[in-house]
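Residue-level structural notes
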Amino acid sequence: MQTLTKDRFRYGKGIRLIDDSGVEYLDGVSGTFNLSLGYNHPHVVEKVQEQVGNLSHMSSTFTEPYVDEVLAHLVEYAPNGIDAGWMRDITGSTANECATKIAQKYTGANDIISLFLSHHGQTQFATGISGNAFRRRKFPNSAVPNSLHVPAPYCYRCPFNSSQPNCGFQCIEAISDQIEYASSGSIACMIIEPILGNGGNIIPPEGYFQRLRKLCDEHNMILIADEVQTGIGRTGYMFASELFDIKPDIITLAKGLGGIGVPVAAVIMQSRLDVLEKHEHSFTSGSNLISVTAAKSTLEVVSEPGFLDEVKLKGEILGDLLGELDMKYASIGEARGVGLMWGLEIVDQDGAPDVAKANAIIERAFSDQHLILRGSRYGFGNVVKVRPSLTVTEDEIAQIVDKLDAVLKSVG
Ligand SMILES: Cc1ncc(COP(=O)(O)O)c(C=O)c1O
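Here is a short report on the structure shown in this document. (Residues numbered from 1 in each chain as written. Predicted model: local features only at pLDDT ≥ 70, side-chain atom pairs only at ≥ 80, totals over all residues. Heavy atoms only, no water.)

1. What about the site of the ligand?
- Near the ligand the following residues occur: Thr91, Gly92, Ser93, Asn96, His119, His120, Gly121, Glu193, Asp226, Val228, Gln229 and Lys255.
- For the ligand, an oxygen atom lies 2.9 Å from a polar atom in the backbone of Gly92.
- Interatomic distance of 2.7 Å between a side-chain N/O atom of Asp226 and a nitrogen atom of the ligand.
- When the free accessible area of the ligand is taken as 390 Å², the share hidden by the protein chains comes to 84%.
- The pocket occupied by the ligand, as judged from atoms lying within 2 Å of grid points, is the largest pocket.
- With three residues, helix α4 (residues 92–107) is the largest single contributor of residues to the shell around the ligand.
- Residue composition of the shell around the ligand, by class: one nonpolar, eight polar and three charged. (Near = heavy atom within 4 Å. Polar contact = N/O pair within 3.5 Å; in protein donor to acceptor, adjacent residues only side chain to side chain. Areas by Shrake-Rupley, 256 points an atom, 1.4 Å probe, with all protein chains shown as cover. 1 Å grid on protein atoms, 1.4 Å probe; cavity = no way out; pocket = protein on both sides within 12 Å on 5 of 7 lines; lining within 4 Å. Sits in = over half its atoms within 2 Å of the grid points. Helix = DSSP H or I, 4+ residues; strand = E, 2+ residues; numbered from the N terminus. Nonpolar A, V, L, I, M, F, W, Y, C, P; charged D, E, K, R; others polar.)

Next comes the structure, spelled out in C-alpha cells:
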C-alpha cells in the first residue's frame, strides 16, 4: 500500500502534488477520481473563495435558487427525459441511497438489484447494495434486506466462460433468473455503474444496456445509473449514459461534480420520480453554498465549447499509449477504457489476476517515479487505474505513461 502521510503534501497545482521539500508528484488518478479539474482550477477556486467570503451556509430552505441553477445545468445534458433533481446529499453513497428510496417510494416495490463487483458507497446501506461482499464481512447491518446481486458483464473474465459476440448475453439472462427465482417478486430498481470503476474499469459490451433497459421495462423496475465516477465529462461526455445510450430513469452524481475536490452530490431524475419530501432525505450540508458553488463553476468549465471534445481527444491519446504498453508487457492482460477512465488488468504468466503485482506497480510508481496511481477493489483487485484530471495536458499524459513504462520494466 502507498505510505502517504497526512501532512506530507503542502500544495496542489494542476495535476501535481508538491511535498514539503518541493518535490512534485504527478497525480495519475485525480485524487480519488474526484478532481475533475485538478487541484486548483482558477475559475472554481475564485468562485468558491468568493462564496466563502459572502455566505457559506444557509438552511436548505433558502438555498433553492442556487441549487436550481445547478440542476438546470445538469438536466440540459441529461438523457431520457430526465428533467428534475434533488441536491440534499454531500456524498455519492447517500445519493445512491436517495435514488433507491425514490425507486421504492415511486414503485411501492422493495428489491434492489445490483452487479457483482459494483461499488455504490461506504455507508452500511451502500456497502450492502454493492457487489463486493468482502467489505461487508464485519458489519451485520450492511446485509441489506431485499438486495440482490447479479453477475457483472465482465467480458475479459466472463463469469459464464463465454465470449462476445456469440455469448447470447448470459449475464442478462442471469438477471432474469434472479428476478424469477431469487427476488421477492416486488422489485423497485436496478442500479448500475456505466463503467464498473472500483470493480476494475469494466466496460459492458455493446448491446448490454439496451437489453437491460428492456428487462427493466418488462418488470417495471427503475433503472439507476450511478455516475459518481463516470459523470461530469470523465468519458468525454457529460454523462456516460449518453455515450452508452443507457436511458436511465435516475442518475446519481458526486466526485467530479465538485471540480477541485469540494464534496457535493446530486440526484437527477424524470419529474414523475420527484417524489421525496424533505423530511425523507436531507442532510445538514446537503446543499451548502460552497458545494453548490463548486458544482456550478465546475459545470461552467466542463460545458465550455470544445472542452469535452478535448477530453475525447486526450482519452484517445492516453488509450493509444496504454495500448502500446499492453503490447509490450505480458503482465498487462488488457488495457481498457474510454475518455480519461482507463484500467490495466494485471495478470501473472498464466493469465490469472495478479493482485500482488498490481499493488507493486502502484507502490513503485509512487516511490520511484513520483506517480500516483490506484488499484481496483480498494487494493484487493488486480486492475491499476489511470484517470488523470480532465485538465491534463498531452505532455502530462506522455509523462504519466513514460513513468508507468519505467515501472513496468522494473517490476517485470
Ligand atoms: C461508482 C461510485 N458510487 C458511489 C461512490 C460513493 O461515493 P462517496 O465516497 O462520495 O460516498 C463511489 C466512491 O468511490 C463510487 O465510485
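2. So, unusual backbone geometry
- For the bond from Gln164 to Pro165, the omega torsion is 5 degrees, close enough to zero to count as cis.
- Turning to its location among the elements, Pro165 is positioned in the loop between β6 (147–150) and α6 (170–181).
- A positive phi angle, close to 70 degrees, is found at Asn146, a residue other than glycine.
- Following the sequence through the fold, Asn146 ends up in the loop between α5 (124–128) and β6.

3. A few points about the nonpolar core
- Formed by 90 residues in total, the largest nonpolar core has its most connected members in Leu74, Ile175, Met190, Ile268 and Leu322.
- Looking at this core, you find at least three residues from each of domain 1 (9–33 + 305–411) and domain 2 (45–302).
- Each residue touching Leu74, except ones within four places of it in the same chain, is listed here: Ile232, Phe239, Leu253, Leu257, Ala266, Ile268 and Leu299.
- In terms of nonpolar packing, the next biggest core, distinct from the first, is built from 25 residues, Ile112, Ile222, Ala254 and Met269 among them. (Core = buried A, V, L, I, M, F, W, Y, C linked by side-chain atoms within 4.5 Å. Buried < 20%, exposed > 50% of the residue type's maximum accessible area, 1.4 Å probe, protein only. Domains from an automatic or database assignment. Contact = heavy atoms within 4.5 Å.)

4. Some points on empty space enclosed by the protein
- This structure, assessed with the given rule, holds one cavity of 30 Å³ or more.
- Along its surface, the largest cavity is lined by Phe33, Ser36, Val228, Gln229, Gly231, Ile232, Arg234, Gly256 and Leu390.
- The residue inventory of the lining of the largest cavity, partitioned by class, reads four nonpolar, four polar and one charged. (Points joined across faces, edges and corners; volume = space filled by probe spheres on them.)

5. Considering the pattern of salt bridges
- As enumerated under the stated definition, the model contains 18 salt bridges in all.
- Between Glu64 and Lys278 there is a salt bridge whose closest N-O contact spans 3.6 Å. Of this pair, Glu64 sits in helix α3 (residues 60–77) while Lys278 is found in the loop between β10 (266–269) and α9 (289–302), placing the two residues 214 residues apart along the sequence.
- Taking the shortest distance from any N to any O, the salt bridge between Glu345 and Arg157 comes out at 2.7 Å. On the criterion of sequence distance, the pair formed by Glu345 in strand β12 (residues 341–346) and Arg157 in the loop between β6 and α6 is long-range, its members being 188 residues apart.
- We classify Glu345 as buried; its relative accessible area is 0%.
- Linked through salt bridges whose partners overlap, the residues forming this network are Arg157, Glu334, Arg336 and Glu345. (Salt bridge = Lys/Arg side-chain N within 4 Å of Asp/Glu carboxyl O.)

6. So, the pairing of β12
- Among the six residues of β12, six are classified as buried, and the element is accordingly described as predominantly covered.
- Side-chain alternation along β12 places Met341, Gly343 and Glu345 on one buried face and Trp342, Leu344 and Ile346 on a second face that is also buried.
- Taken together, the six bridges between strand β11 (residues 332–338) and β12 define a ladder with antiparallel strand orientation. Looking at β12, one finds that Glu334 is bridged to Glu345.
- Joining the antiparallel neighbours β11 and β12 is a turn of two residues, in which Gly339 adopts a positive phi near 60 degrees.
- The sheet contact formed by β12 and strand β15 (residues 383–386) spans four bridges and is antiparallel. Bridge pairing in β15 places Leu344 opposite Val384. (Pairing = 2+ DSSP bridges.)

7. Observations regarding the layout of surface pockets
- When its volume is computed, the largest pocket comes out at roughly 890 Å³.
- The wall of the largest pocket is formed by 41 residues, among which Thr32, Phe33, Lys255, Arg374 and Tyr378 lie closest to the centre.
- Elements with a contribution of two residues or more to the lining of the largest pocket: α1 (30–33), α4, α11 (355–369) and β14 (374–375).
- A per-class count over the lining of the largest pocket returns 16 nonpolar, 18 polar and seven charged.
- Residue assignment places the lining of the largest pocket across two domains, with domain 1 (9–33 + 305–411) and domain 2 (45–302) each supplying three or more.
- For the second largest pocket, the calculated volume is near 230 Å³.
- Forming the boundary of the second largest pocket are 15 residues, of which Glu64, Val67, Gly85, Trp86 and Arg88 lie nearest the centre.
- Mapped by element, the contributors of at least two residues to the lining of the second largest pocket are α3 and β4 (84–86).
- When residues in the lining of the second largest pocket are grouped by element, the largest group, six residues, is from α3.

8. Notes on the packing of aromatic side chains
- Tallying each qualifying case throughout the model produces five aromatic pairs.
- Arranged with centres 5.1 Å apart and planes meeting at 80 degrees, the rings of Phe9 and Tyr25 form a pair that is edge-to-face. Taken together, the positions of Phe9 in strand β1 (residues 9–13) and Tyr25 in strand β3 (residues 24–27) put the pair 16 residues apart, joining distant regions of the chain. Like Phe9, the residue Tyr25 is buried in the burial classification.
- In this structure an aromatic cluster arises from ring pairing among Phe9, Tyr25 and Phe366.
- Over the ring of Phe33 we find Arg387, and its NZ or CZ is 4.2 Å from the ring centre. (Phe/Tyr/Trp six-rings, centres within 6.5 Å; stacked < 30°, edge-to-face > 60°. Lys NZ or Arg CZ within 6 Å of the ring centre and 35° of its normal.)

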